Structure formats: structure tokens, C-alpha cells
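What the coordinates show
Here are the chains, one letter per residue:
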Amino acid sequence: MSKTSALKKLLTAEQKHFLKEKTLSSTMKVKDWIGFLSFIAKLDKEGDQKVSLFAKLAVASFVLAVVSFFITPSFGAIFLIVPVSLVVAGIVFIRYRKKLKTQDINNYLREFFIPALHLLKEKAGEQSKLSAKIDFRNPRTVLKPEIGKHQGRNQKRYLPVYIIAKIVLKDESLLEFVVQEDIKDLKWKKRSSSGKIKFKTKTKLTQLCTIKMTLLKTSYTWKGTTNSDVDVSDTGDHYLAKTKAKVKKTGENILHVKVFIDAIQAVYDQFEPVDPVSSAITPTPDTQKESDTHEEIGVLAPYIWYGGYFDRYDYDSFDHTHYEEGVYEEGGATVFDS
């Protein structure tokens, strides 16, 4: 607890506000986004570990309470204080865990946005301005669900949007992306062959990552190929390319950053650089995985976005970068202009 308190004392007023609200709409340099959020991500990891610990302590307390209850008679009634104390301890652990859960930040911060920022630091430059609106609250507590029926089952549907962002890359292409989910919580009752009624629950999750890219004709030529997953249109002095990655899962999961990377690569695969000199080294996905350092990725041409190397990343290992206070730039273009 003292470690967490010490970390919180290092936060700026803006960081403390985000830690409380879990939402932000701003324009900052990529390096400042990383600096602003890295410490908060570290605190969130500490919080997740505590939630897991108190859950285990609560279960252990109740199990030991049951065991001690049956052992107590052989030691006398006075020893009833042992199971009672264990039950009280279990309740305290549950309540504290519940309190910590209310402070939890959605794992899209730590497992998606932070890694994406480090990637954009290489592909756009740490000084590039990223306009973003992020919302890492628990959708089940802040959103009003759509209530209905699905195949005879009661359904609650949530449509959270976690990230809306745009940034200009090193090749002067404009990248815009949106990360959202379609969460369906299902509940129903089922009668077994013995006549016993069971209540069941299930969560169906659809993860969506929408990519829109504006590429200059002075930098790229369109191959003219047709890809059902990528829509390309000629708008005069530039090309507009759109694609959407969709992942369906059961249970609680976070969209893998590799899906985001591969979606961008799918767009770039439709084009060829006007000046291929900067891309003399074009790795295959297999050879890309064998790169020894992250720095090697950075020297490649902007349109090389193979995502295989990202599988080796420990998302919580990114170093905390100094956050420059007062860099909010709310004026000018925002993520909603397009």
C-alpha cells in the first residue's frame, strides 16, 4: 500500500484527474502521451495485482473458516472465535476488492494503447502530435445497455468506444483509427434431465478496429488491385483507404495490438512507394520476427508494419518517460474533424 501511495504522490494534477475519471480528449506529442499514461498504467497494474490477491485471500479465509468450524468442537466452544474471525476477514477482503475494482482502469490502456503509442513513436516520431479521445471506464457501469432477447435468452448489449485517434506518420500519411467493442451479456435458465434448474451466463464479444488512411499521391501509387478487406478511393491529390478488423470471442479479452498493426499493413499492401530508395530492405513477416531489437524496426520504411515482432513484447515493461506539463493543445484540429 505504501508503494502505491508513493507512486500516486508523483502524479501531476492532470494525471490524478485522469486516474479518477479515466477519460481524456486532447492533442499531445506522442512522447508526452507515453509519459502521461505510463505511470498511470503502472499504478493500474499494481491495482490489478491487489484485486487478484484479495480475491485469493477471501477464498482462503472462507475455506479455512469451514475447516476450522468442524475442528473447533474438539477444542471447546471458545475456539469458535477462529472460524468467526476468518469469516469476518473474508468479508473485509471482498469489500476491499470491490473498492479496488471501482478504481480499475480498462486494460485497453495497458495492453493496447500504450503499446500502440510506442509503435507510433517509431512510425510517426516522438514529436508528432496525436489527437485522441480515450475512454477506459468499465462499460458495464457507465453505459446504459440495450436490453432485449436473443434466441430466447435475456441479453444486455453494450457498445463502448475506447479510442478515437489520428496522427500524421513520417511518410506524411494521415492515420485515423477507432477501437470499440460490441459486448453481449446473455443469461438464461436450463432444466437438466433430472429436473434441476440451472441459471447460466455467457458473454459474446466482438472487437472492432477501424482504420482510415489518407496517402499522398506524391508518396505512393495505387497498385489498382482489389482487396475485399480494404476500400481504396482516388480523391484527387491523395488516396483514401479504409479497412475494418473484426475479432469475435467468448469471454473477456483485449484486442491484440497485432490486429491493429496487420490492418495498417493491409492498407499499405495496396500501394507502392514513389521513391523506393528508403525501402531497399523489405523484410518478410518471418524474417521480421527474427529482428533482434526494436530499434531495427524503426529504420525501416514507414509502410512496413509487419506485426509479428510485437508478440515478444511485455506490455508492462515500457519505461516511464518524462511528461512535459502544459502541453495540452485543445485548439486546432481534433479527432472529430473527419
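Because the structure is a prediction, the values reported are computed rather than measured. (Residues numbered from 1 in each chain as written. Predicted model: local features only at pLDDT ≥ 70, side-chain atom pairs only at ≥ 80, totals over all residues. Heavy atoms only, no water.)

What to know about the environment of Asp 171
Checked against the element boundaries, Asp 171 lands in the loop between strand 5 (161–168) and strand 6 (174–191). The exposure class of Asp 171 is buried, given its relative accessible area of 10%. Remark: the alpha-carbon pair of Asp 171 and Pro 273, spanning 102 residues in sequence, is separated by 9.8 Å. A polar side-chain atom of Asp 171 sits 2.6 Å from a polar atom in the side chain of Tyr 220. Reaching out from Asp 171, the side chain makes a polar contact with the side chain of Tyr 268 at a distance of 2.7 Å. (Helix = DSSP H or I, 4+ residues; strand = E, 2+ residues; numbered from the N terminus. Buried < 20%, exposed > 50% of the residue type's maximum accessible area, 1.4 Å probe, protein only. Polar contact = N/O pair within 3.5 Å; in protein donor to acceptor, adjacent residues only side chain to side chain.)

Overview of the pairing of strand 4 (residues 153–158)
Two strands pair when backbone bridges link them, and strand 3 (residues 146–150) and strand 4 are joined in this way by five bridges, in the antiparallel orientation. Its bridge partner lying in strand 4, Glu 146 is registered against Arg 157. Linking strand 3 to strand 4, which pair antiparallel, is a turn of two residues; within it Gln 151 sits at a positive phi near 55°. Relative to strand 6, strand 4 runs antiparallel, the two sharing five bridges. By the bridge assignment for strand 6, Asn 154 is matched with Lys 187. (Pairing = 2+ DSSP bridges.)

Focus on the nonpolar core
Among the nonpolar cores identified, the biggest contains 63 residues, and Leu 175 and Phe 260 are the most heavily contacted of them. Among residues more than four places away in sequence, those in contact with Leu 175 are Leu 120, Ala 165, Lys 166, Ile 167, Leu 169, Ile 211, Lys 212, Met 213, Phe 260, Ile 264 and Trp 305. (Core = buried A, V, L, I, M, F, W, Y, C linked by side-chain atoms within 4.5 Å. Contact = heavy atoms within 4.5 Å.)

Observations regarding helix 4 (residues 81–102)
Compared with the 32 Å implied by 1.5 Å per residue over 22 residues, the 32 Å span of helix 4 between its first and last C-alpha is a close match. Three or more residues of helix 4 are buried, namely Pro 83, Gly 90 and Leu 100. Take helix 4 and look down its axis: the buried residues cluster within an arc of 100°, on one side only. Exposed positions of helix 4 whose direction lies more than 90 degrees from the buried face are Ile 81, Val 84, Arg 95, Lys 98 and Thr 102. (Expected span 1.5 Å × (residues − 1). Arc of directions from axis to C-beta.)

Topic: the pattern of salt bridges
Counted under the stated rule, the structure contains nine salt bridges. The residue Arg 157 makes a salt bridge to Asp 182 at a minimum N-O spacing of 2.6 Å. Taken together, the positions of Arg 157 in strand 4 and Asp 182 in strand 6 put the pair 25 residues apart, joining distant regions of the chain. Salt-bridge contacts for Asp 234 lead to Lys 217; the nearest nitrogen and oxygen are separated by 2.6 Å. (Salt bridge = Lys/Arg side-chain N within 4 Å of Asp/Glu carboxyl O.)

Quick look at unusual backbone geometry
At Gln 151, a position not held by glycine, the phi torsion is positive, near 55°. Mapped onto the fold, Gln 151 is located in the loop between strand 3 and strand 4. Positive phi values are uncommon outside glycine, yet Glu 172 reaches one of about 70°. Summarising the element assignment, Glu 172 is placed in the loop between strand 5 and strand 6.

Details of the confidence of the model for the protein
Mean pLDDT over the protein stands at 79; residues scoring 70 or higher make up 78%. Of the regions scoring below 50 in pLDDT, residues 278–300 engages in 31 contacts with residues more than four places distant in sequence or in other chains. Under a pLDDT of 50 for its full length, residues 308–338 has, in the predicted model, 82 contacts with residues more than four places off or in other chains. (pLDDT = per-residue confidence, 0-100.)

Points about the packing of helix 5 (residues 108–123) against helix 7 (residues 257–268)
One can describe the packing of helix 5 onto helix 7 by two numbers: an axis separation of 9 Å at closest approach and a directional angle of 45°. Taken together, the axis directions place helix 5 and helix 7 in an arrangement best described as oblique. On helix 7, the residues touching Glu 111, Phe 112, Pro 115, Ala 116 and Leu 119 of helix 5 are Val 257, Phe 260 and Ile 261. In terms of residue class, the contact of helix 5 with helix 7 is built from seven nonpolar, no polar and one charged. (Axes fitted to C-alpha atoms, helices over the stretch in contact; angles between N-to-C directions. Parallel < 35°, antiparallel > 145°, perpendicular 65-115°, else oblique. Nonpolar A, V, L, I, M, F, W, Y, C, P; charged D, E, K, R; others polar.)

Looking at helix 3 (residues 30–71)
For helix 3, with 42 residues, the first-to-last C-alpha span of 61 Å sits near the 62 Å given by 1.5 Å per residue. Its maximal kink placed at Leu 37, helix 3 deviates by approximately 30°. (Bend = angle between axes of the 7 residues up to and from the residue.)

Concerning the packing of aromatic side chains
Overall, the coordinates contain ten aromatic pairs when judged by the stated rule. Ring geometry for Trp 33 against Phe 113: centres 5.9 Å apart, planes inclined by 85°, an arrangement best described as edge-to-face. Highlighted residues: Trp 33 in helix 3 and Phe 113 in helix 5, separated in sequence by 80 residues. Look at Phe 113 and you get buried, because its relative accessible area is 1%. Between the aromatic rings of Tyr 108 and Tyr 162, the centroid separation amounts to 4.4 Å while the plane-to-plane angle is 20°, which identifies the pairing as stacked. In this pair, Tyr 108 sits in helix 5 while Tyr 162 sits in strand 5, placing the two residues 54 residues apart along the sequence. With respect to class, Tyr 108 is no different from Tyr 162; both count as buried. Pairwise contacts between aromatic rings join Tyr 108, Phe 112, Tyr 162, Phe 177 and Phe 260 into one cluster. Sitting over the ring of Trp 188, Arg 153 keeps its end group 3.8 Å from the ring centre. Against the face of Tyr 239 rests Lys 217, its NZ or CZ located 5.3 Å from the ring centre. (Phe/Tyr/Trp six-rings, centres within 6.5 Å; stacked < 30°, edge-to-face > 60°. Lys NZ or Arg CZ within 6 Å of the ring centre and 35° of its normal.)

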